[in-house]
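Chain residues, written in single-letter form:
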Amino acid sequence: MAAYQLPQWAALAPALILALTGLVLFLVDSISPRSTDRTLLAGTAAVGALASLAVAVWFTAAGVGTPTIDGGEGVIEIFDGQFVVDQLALYFMIVVTIVTALIVVASYDYLAGHTYQAEYYSLVVLAATGMATVAAANSLVTIFIALELTSLPSYALVAILKDNRGSVEAGLKYFLIGALSSAIFVYGISLVYGATGYLQLNSIAEVIADGGADGFGGLLGLGILMLLGGIAFKTASVPFHFWAPEAYEGAPAPISAFLSSASKAAGFVIAFRVFNVAFPLGEIGSVIGFDWTVAFIVLAIVTMTVGNFAAATQENVKRMLAYSSIGHAGYALIGLAGLSADGGELVMGAALMHLLVYGFMNTGAFLFVALAEHWGVGRTFEDYNGLSSQAPVACGAMAVFLFSLAGIPPFGGFFSKYFLFTGALEAATANTAMLAVAAALVVNSALSLYYYSRLVKALWIEDPPATRDRLSQPTGLYAAIVVAAVMTIVILPGFGPVAEAATGAAEALIN
Amino acid sequence: MMIEALIAVALIGALVTFVAPNRVAGKLAFAISLVPAALSLWMFTAFDGSGNALLDGSLAFESHLEWIQFGDYSIEWFVGLDGISLPLVVMTTILCSLAILSSWTPIDSRESQFYGLVLFIEANLIGVFSALDFFVWFIFWEAVLIPMYLLIGVWGGPDRKYAAIKFFVYTNVASLLMFGSFIALVFGLGDAVTSFALPDVADAMVNGGGVQSSVFGIDPGTFTALVFIALFLGFAVKVPVVPFHTWLPDAHVQAPTPASVLLAGVLLKMGTYALLRFNFTMFPEQVETFAVPIAAVAVISVIYGAMLALAQTDLKRIVAYSSVSSMGYVILGLIAYTQFGVGGATFQMVSHGLISGLMFMSVGVIYNVTHTRSVEEMSGLADRMPIAVGILVAGAFGYMGLPLMSGFHGEFTIFFGAFQADFAYAPLFTALAMFGIVIVAGYLLFALQRTVFGPYSLETDYDVGRAPLHDVAPMFVLLALIIALGVAPELIFDMITDAVDPILNGGDL
Amino acid sequence: MTVAVEYYVLLSMAVFCIGLMGVLTRRNALLFLMSVELMLNAANINLIAFAFYHGNLTGQVFALFTMALAAAEVAVGLGIILVLYRNFRDVDVTVPTTMRW
Amino acid sequence: MVGGYATAPLQNGDTILLPERIGELTGLDGFGVGGELLATFLAAFVIGNLMLAMTGVAGPWAKRKITAAFTDRIAVNRLGPGGIFIILADAVRLLSKELVVPENADRPAYDLAPIVVAGSALLGFAVIPMGSGVHLADPEVGLAYVFAVSGIASLGLVMAGYSSANKYSLIGGLRAVAQNIAYEIPLVVTGMSVVIFAGTLQMSEIVAAQAEPLVSFAGLDIPRWYALVNPFAFVLFLVANFAEVGRNPFDTPEAPTEIVAGYQTEYSSVYFVLIYLGEFLHIFLGGGIIATIFLGGPAGPGPAELGIVWFIVKIWAIFLLTQWLRSAVPRVRIDQLIEIGWKGLLVLSFANLILTAVIVGVLA
Amino acid sequence: MNDWIAIGALALVGLLIPLGMMAVSYLLRPTVPETSKRATYESGEIPTGGTRVRFNIQYYTVALLFLVFDIETVLLFPWAVVYLDAVESDSVSLLEILGPMLLFVAILLVGLAWAWRNGAVQWAQTPRQAAADSDRQ
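Nothing here was measured: the structure is a model prediction, and the numbers come from that model.

(A) Just the overall build of chain A, in detail. If you tally the helices and strands in chain A, you get 19 helices and two strands. On the principal axes, the C-alpha backbone points of chain A span a range of 70 × 55 × 45 Å. When each of the 511 residues of chain A is scored for burial, the buried share is 72%. The contacts of chain A with a sequence gap of at least 6 include a subset with a gap of at least 24, amounting to 79%. Total accessible area on chain A stands at roughly 13700 Å², and carbon and sulfur atoms take up 63% of it.

Below you can see the structure in the form of structure tokens.
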């Protein structure tokens, strides 16, 4: 395979391409400051994201990172194992770049007339760089740095509408909670380092396995809890979910989409890698006195319940989506809750699939909100009444997203959600507590139907208000939404490769 | 690849119709829908399967395709037809064509979207009746909900929003319960199955000794019983069985005529079909264990549904509640677990699909003209629209189970089978259910007498004239089919019994 | 002359808790920011102390990165606080309530 | 505990520092830890007072004399030879003045600022090898340390500016900060180019690295002073240093013709003395750094015992340069100052760094 | 003796000397409170307005820029220290030791160029620039 002849560091190409794109955008803005040449800026960013996506897909197809046991190309370690490029990394790079490409294309219209366009695109691309790097980070150092590279541009992006009070407020809250959680995260890292003497994930695991951390159970346990806190923030899970509704509501809608899809995925890849690689279930329990799956079971149930119940009471569409994305974080947490010492790749794989599909459907849903903001129709369910009679294509796409989020076929969300359910039940055969998770999933899915269908109802069933202007058809937004919708549908028949990649990644990680 | 062709034609047709201009959408959709109808009729003649699809039968039009490998479990695109599903597929395609034809008059806004959704439903319905892998089946099963939700919600009556959401949430929650319990069952079977294909699971359950070890800390017997109950509850909502029937009248009454036709004609059959495929095929022991309560539920559905129908003044509501009652018969036939019982139940599914379709269409035609469905607001319609009313009366007779109509054969075989059943008080239950027929006759005749006969009067001020041909023609077709099946039930009854026998014999022919 | 690692941990925990306390009680965004910096520095104390304890440089190097990131965070944070002030005429974090919980 | 500062591998074992020397001289090292601590404290006291003495001479006396010479005046000449005892008179005068605190002053900050300004400048001398064994401490990270502590002064300045509740003070304080931060980076980056030559941050090592001859002809050794090796860096550092210590042409924070006296407008009595002292200490600290990393530290002809003399000569030379510039060069405007810093020196310093690295790399 | 103890001792001295001077001054100086003395000094004029005046935004942008650049120097220092050793050893090539720093500085310089072009380090705008800027708002 051609990928094999490249130097080792080239395995990070998806992240490197994104970083380069970000720098090119800065250069473009340096050459022509405050340019509003939307085609050039959005085009550059989109080309970068797509190139990165293409490379990631190519690597995946070429078998980069597949375990050598199965005759694969082997996991590529870079910088002495500070980064690893394995199937999981490539998988999440794909997720991130897809979302980035969609966001960038959609922003083409959303940002029309705004200042700071070049900054916007370069920040988006840099944040995406961080997310792609997170996917490959294999040491708490690189994880933290990549995480911050994700977070810092995100803070700025949320607040980028400088004269919009909502945006600024959202940025502030996102920043404050983000800074707090990264402080907690880094303190957790320091404690883990104290207990084990290493920051590289597999070295930590070795120390734990050798009993080198036996005397530091308390320190290690506290450290793990704090890491969990940082991850909970990034994934918008309870108890660090408070920022999410505010930030998503106030932020420009494409950024909400970005944060709730890609950024969340980045948070999950950390959770998956750190907990599976550094704190393997078999050994960690005896050192710190409890299995972290217990924590994730509780977190998953609470997160999905809080998210869905709060979403059901919202009047504001963006806020409803924000809470629903908290609920979905709860679903994805099942991936970790369902692990056990000798298995769980099924449930983990399902969580990975869910994150990919979620990347399409949730991004699409938020982009529709962006479209509505572009139209200026308002923010509440009522304001969306009868949009379908004026914009059937976009509303059809939105219905696809919503039904997919609710887990109704024939859309991608169906498979991922039901696979999660299936995985949870499979895990329950080993750990009966997972039954509670499965039950919570059922209850929450039922509840989510209510509020998702409420929005469909508003779009399709309610009558439009008499006084609404003709709605424009912005090319970029429409393109992004339609692509997302088509992908949400097409991914269902094409679920085979997705499932293969996801379970492969999960297996590689767990074993 | 015939089944794929059917589904693909309907799906592509849906897409084409969706983007077609409103004014040609109806005719386009009808033309497209004729293709699957014709294809399915050809398949009916070319049917070469035998036995039960789930229990070692030889399938017609079978096709396998690797799809997803989910951990140790493989999910395949696996479709095929046997004697139970083929008649249902044929009924579906025909009913869809006719429903589209009958929508030309009532549907006057956003036509392309409407017909697109109808074709989309058709594709999914065909899928439900032909899919043999659980995931594939479940996708089609759930995918029916969205178009139906929109059909009711967008083109329905005044309370359409409430009805649509109620329908949507009720059936979806039930699906989740059913999904979970079935998946749990598959995991409970352990290494015996490595796929979600229904034949594999059925084989493991019937021939492989079922669940062997305890699951979730529950011992195998209890676990299997729990799964049985959960599956039953899941399907019971769809059927619907009292007390889960409350969504049905709302949905029926608010839905536009063609949607009602599909809802009563095909969607309800999904529930009983699933019951037959899952509960009554995979759990022979549990069927015996739970025979009495299920029979009781069936009889209550029959009687209670009929009583409710008796109390209604809205024609559509009468037909809707009578559907609840009719579905009770089907369940009674299933629980009888004899050749005649189960076979009759299957036959009744097809028959009821045709008859209730006919009834809803007639009511729809009347409504198109009079703009009312209230029994109290009209009388003597026979004077003004003799043909349509004549078909309505004929359909009502079919409902009542008069000989020479398909309803007669269905109900008769069900009662015959139920009398033979060997659970406790079987004859008593059967007798009670038969009493239901009296009530059905009561309310139908009562309603007909009020509306159709007597001196003409109409409380709303619309001119009542003859219905257009494209409204009446589908009713003629349906009536012809009903009479054909009534005269020659063996047209489908033979293949039904052929497919039913393996169930009753535990997989051995 | 060496100080046992426990004392460093105690110190860092004290600093961390002071920072946390500040985060929880202060309403001024700038003080909030400072409190977060305290927490980050608590982590740095730990990292450096443990680096000596374990005899490897990993912790020290990471502390450098933490400092860099803390500065970057402050840079972004101050930017946000500036626009906050411009929009709300205040840096009290409880003032902006455009959106309700 | 593995590692630890005292046993670090780069530590030059045979450097004998002032505390040990004093410990030996006074016999305090025989009294265990307590004695050593006392000796250390004594050493620190010596260093502190040495520097204070130097600023005492420089501030009240030398400055006036130099300025006077430029403007063709005589300046102080009544007390002692050349008016040198004006130092004492000024000390008494200023210490016994009334302290006037502005009514809106932010009290703790207002009181702390002079201490911070004076104390931080003093701290930097801890690691500077002054020759003749006058070297208080020699940590591995010496150069980084000295940059770090000299940065504290700007904190003191902004405290002073802010807490005085005076518009001029505030403007002065902020200008001081803007200026300090603008030139801090060129300063540090240029210093880094020295580190590339020396391969260490330890001050004694940097000095030792400059001891070898660069070229020698006619029996005369030209030492390997980095000012000679890389004059470009030296000039850059010198300029950045002037800005750092806030002297002409970069004295905008005080700019008496614009904003009275900047951050010290509202200070009087001993507080003023401390800030004033602090500034002069800072100039000397800058001189000390330059002398150490560019001019070979205490190196010079003659026996090693003369080191301290050479060192003081060097820092006085730099002090004289500042005073010369003060009289000879006009002040730049604040906007020019910032733009020179960010657009000129910063870029140049990076260019210097890269060039140095490339040259060192290619030569080696 | 540990170097840092010596430095601590100097810090103590650095604290004690100012404090000592303050103490001496406290003993020597007179105190004659008078309201007008304590008024804010504005070159003899009666003070007007508050003293917490608002500042040119450039002070903040420069400060933010500094924050970032200053920290970057922290990351460069370790590299500078090991550079000579690395160059002299044969185990790494010049490109390997020089390349990362060049890349790092290049990225920094892109940032500086951006900040420069966007006016972050420009204190005052010429009228023409200001006019062009306000057009874009």
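From this point on, the discussion continues.
(B) Expanded view of the overall build of chain E. Along the backbone of chain E there are five helices and zero strands. Sequence-ordered secondary structure for chain E, helices as α and strands as β, is α-α-α-α-α. Expressed as a percentage of its 137 residues, the buried residues of chain E come to 39%. Of the contacts made within chain E by residues no fewer than 6 positions apart, 54% connect residues no fewer than 24 positions apart. Carbon and sulfur atoms make up 65% of the accessible area of chain E, which totals about 7800 Å².

(C) The arrangement of the UniProt feature "domain: NADH:quinone oxidoreductase/Mrp antiporter transmembrane" (unreviewed entry) in chain A in detail. When the UniProt feature table is mapped onto this chain numbering, "domain: NADH:quinone oxidoreductase/Mrp antiporter transmembrane" (unreviewed entry) sits at residues 137-440 of chain A. Strand forms 0% of residues 137-440 of chain A and helix 77%; the C-alpha atoms that close the span are 32 Å apart.

(D) Structural detail: a nonpolar patch on the surface. A cluster of nonpolar residues, Val393(A), Val482(A), Val486(A), Ile489(A) and Val490(A), forms a patch on the protein surface that exposes about 360 Å² of accessible area. The dominant element in the nonpolar patch, judged by the number of residues it contributes, is helix 18 (residues 475-490) of chain A, at four residues.

(E) Broad picture of the interface of chain E and chain D. Listed by partner, the interface residues are 71 residues for chain E and 90 residues for chain D. Applying the counting rule to chain E against chain D returns zero salt bridges. Applying the counting criterion to the chain E and chain D interface returns three residue pairs in polar contact (both at pLDDT 80 or more). When residues in the side of chain E that touches chain D are grouped by element, the largest group, 21 residues, is from helix 1 (residues 3-28) of chain E. Grouping the constituent residues of the side of chain E that touches chain D by class yields 52 nonpolar, twelve polar and seven charged.

(F) Quick peek at the packing of helix 11 (residues 269-294) of chain D against helix 1 of chain E. Two elements in contact, helix 11 of chain D and helix 1 of chain E, have axes whose closest approach is 9 Å; the angle formed by their N-to-C orientations is 155°. The angle between helix 11 of chain D and helix 1 of chain E falls in the class roughly antiparallel. In terms of crossing hand, the pair formed by helix 11 of chain D and helix 1 of chain E is right-handed. Each of Ser269(D), Val270(D), Tyr271(D), Val273(D), Leu274(D) and Leu277(D) in helix 11 of chain D lies in contact with helix 1 of chain E, whose residues at this interface are Pro18(E), Met21(E), Met22(E) and Ser25(E). Within the contact of helix 11 of chain D with helix 1 of chain E, the residues separate by chemical class into eight nonpolar, two polar and no charged.

(G) Main features of the arrangement of the chains. Contacts are most numerous between chains D and E, taken over all six pairs of chains that touch. Regarding chain B and chain C, the two do not touch, and the least distance separating their C-alpha atoms is 28 Å. In this structure chain B stays clear of chain E, and the shortest span between their C-alpha atoms is 42 Å.

(H) The UniProt feature "transmembrane region" (unreviewed entry) in chain E, seen in detail. All names here are of chain E. Residues given the UniProt feature "transmembrane region" (unreviewed entry) here are residues 6-28, 59-82 and 94-116. In this annotation, residues 59-82 is assigned 100% helix and 0% strand; the end-to-end C-alpha distance for the span is 35 Å. Helix and strand shares over residues 94-116 are 100% and 0% respectively, and the end C-alpha atoms of the span are 31 Å apart.

(I) Examining the packing of helix 3 (residues 85-103) of chain B against helix 4 (residues 111-130) of chain B more closely. Residues and elements named next belong to chain B. Interaxial distance between helix 3 and helix 4 falls to 9 Å at its minimum, and their mutual angle equals 175°. Our classification of the angle between helix 3 and helix 4 gives roughly antiparallel. Residues Ser85, Leu88, Val89, Thr92, Thr93, Cys96, Ile100 and Ser103 of helix 3 form the contact with helix 4, whose participating residues are Phe114, Tyr115, Val118, Leu119, Glu122, Leu125, Ile126 and Phe129. Counted by class, the contact of helix 3 with helix 4 contains eleven nonpolar, four polar and one charged residues.

(J) The nonpolar core, seen in detail. Formed by 481 residues in total, the largest nonpolar core has its most connected members in Leu220(A), Phe279(A), Phe134(B) and Trp137(B). The greatest single-element share of this core, amounting to 22 residues, is contributed by helix 14 (residues 345-375) of chain A. The contacts of Leu220(A), once residues within four sequence positions are left out, are Val192(A), Ala195(A), Thr196(A), Ile208(A), Ala213(A), Phe279(A), Ile284(A), Val287(A) and Ile288(A). In this structure, Ile185(D), Phe197(D), Leu76(E) and Ala80(E) belong to the second largest nonpolar core, which totals 146 residues.

(K) The pattern of salt bridges, seen in detail. Residues and elements named next belong to chain A. In total, this model carries 19 salt bridges over all chains according to the counting rule given. Here Asp86 makes a salt bridge to Arg273, at a shortest N to O gap of 3.0 Å. One end of the pair, Asp86, is in the loop between strand 2 (83-85) and helix 3 (87-110); the other, Arg273, is in helix 10 (residues 253-278), with 187 residues separating them in the sequence. Given the relative accessible area of 2%, Arg273 is considered buried. Residues participating in the shared-partner salt-bridge network are Glu169, Lys173, Glu246, Glu249, Arg319 and Arg379.

(L) Main features of helix 21 (residues 469-487) of chain B. Residues and elements named next belong to chain B. For helix 21, built from 19 residues, the straight-helix expectation of 27 Å at 1.5 Å per residue is met to within 8% by its first-to-last C-alpha distance of 26 Å. Turning to helix 21, its buried residues are Asp471, Val472, Pro474, Met475, Leu478, Leu479, Ile482, Leu485 and Gly486. Relative to the axis of helix 21, the buried residues are bounded by an arc of 160° and lie together on one face. Away from its buried face by more than 90 degrees, helix 21 exposes Leu469 and Val487. For helix 21, the elements touching its buried residues are helix 3, helix 16 (339-370), helix 18 (386-400), helix 19 (406-420) and helix 22 (490-504).

(M) Structural detail: the environment of Phe280(B). Residue and element names in this part refer to chain B. If you trace the backbone, Phe280 turns up in helix 12 (residues 279-282). In this structure, the C-alpha to C-alpha distance between Phe280 and Phe228, residues 52 residues apart in sequence, is 9.4 Å. If near-sequence neighbours (up to four positions away) are discounted, Phe280 is found in contact with Leu275, Val287, Leu334, Ile335, Tyr337 and Ile503.

(N) Layout of the pairing of strand 2 (residues 220-223) of chain D. Residue and element names in this part refer to chain D. Pairing of strand 1 (residues 213-217) with strand 2 involves four bridges; the strand directions are antiparallel. By the bridge assignment for strand 2, Phe217 is matched with Leu220. Turn length for the strand 1-strand 2 hairpin, with the two strands adjacent in sequence and antiparallel, is two residues, and the turn residue Ala218 shows positive phi of about 55°.

(O) Structural view of the packing of aromatic side chains. Residues and elements named next belong to chain B. For the structure on display, the rule yields 88 aromatic pairs over all chains. With a centroid separation of 4.8 Å and 50° between ring planes, the pair formed by Trp137 and Phe278 is classed as tilted. In this pair, Trp137 sits in helix 5 (residues 134-143) while Phe278 sits in the loop between helix 11 (257-277) and helix 12, placing the two residues 141 residues apart along the sequence. Overall, the relative accessible area of 1% leaves Trp137 in the buried class. Of the residues examined, Phe278 reaches a relative accessible area of 1% and is grouped as buried. Here Lys27 stacks its cationic end above the ring of Trp104, 5.5 Å away from the centre of that ring.

Scoring rules and cut-offs
For every chain, the first residue of the written sequence is number 1, and numbering continues from 1 along that sequence. The naming scheme follows written order: chains are lettered A onward, ligands numbered 1 onward. Local features in a predicted model are, by the rule used here, given only for residues with pLDDT of at least 70; side-chain atom pairs are given and counted only at 80 or more, and totals for whole chains, interfaces and linings are based on all residues. Note: side-chain values were computed over all heavy atoms of the structure, leaving out hydrogens and water. Numbering goes from the N terminus for both helices and strands, where a helix is a DSSP run of H or I of at least four residues and a strand is a run of E of at least two. When accessible area is computed with a 1.4 Å probe and restricted to protein chains, residues below 20% of their type maximum are described as buried, those above 50% as exposed, and intermediate ones as partly exposed. What makes two residues a contact is simply this: any of their non-hydrogen atoms within 4.5 Å. Areas reported here follow the Shrake-Rupley algorithm with a probe of radius 1.4 Å; residue values treat only the protein chains shown as occluding. UniProt positions are given in the numbering used here, feature names are shortened, and annotations may be inferred rather than shown by experiment. To count toward a patch, a residue needs a relative accessible area above 30% and no salt bridge. Like charges then connect within 9 Å, nonpolar side chains (Val, Leu, Ile, Met, Phe, Trp, Tyr) within 5 Å. Counted as salt bridges are all cases of a side-chain nitrogen of Lys or Arg within 4 Å of a carboxyl oxygen of Asp or Glu. Two N or O atoms count as a polar contact when they lie within 3.5 Å, although within protein this holds only if one can serve as hydrogen donor and the other as acceptor, and sequence-adjacent residues are included solely when both atoms are side-chain atoms. Following the grouping adopted for this structure description, the nonpolar residues are Ala, Val, Leu, Ile, Met, Phe, Trp, Tyr, Cys and Pro, the charged ones are Asp, Glu, Lys and Arg, and the polar ones are all others, Gly among them. Structural elements are reduced to axes, namely lines fitted to C-alpha atoms, with helices fitted over the stretch in contact, and the angle between N-to-C directions of any two is expressed from 0 to 180 degrees. Under this scheme an angle from 65 to 115 degrees is roughly perpendicular, one under 35 degrees roughly parallel, and one over 145 degrees roughly antiparallel; angles in between are oblique. The sense of a crossing depends on the near helix, which, turned anticlockwise from the far helix by less than a right angle, makes the crossing left-handed and, turned clockwise, makes it right-handed. Nine residue types can take part in a nonpolar core, namely buried Ala, Val, Leu, Ile, Met, Phe, Trp, Tyr and Cys, and a core is a set of them joined through side-chain atoms within 4.5 Å. Expected helix span is computed as 1.5 Å times (number of residues minus one). To be clear, the arc concerns the directions from the helix axis to the C-beta atoms. In short, DSSP must find at least two bridges between two strands for them to pair. Pairing of aromatic rings covers Phe, Tyr and Trp, the last counted by its six-membered ring, and requires centre-to-centre distances within 6.5 Å; plane angles under 30 degrees mean stacked, over 60 mean edge-to-face, and any other angle means tilted. Think of it as a cone above the ring: NZ of Lys or CZ of Arg counts as a charge over the ring if it is within 6 Å of the ring centre and within 35 degrees of the ring normal.

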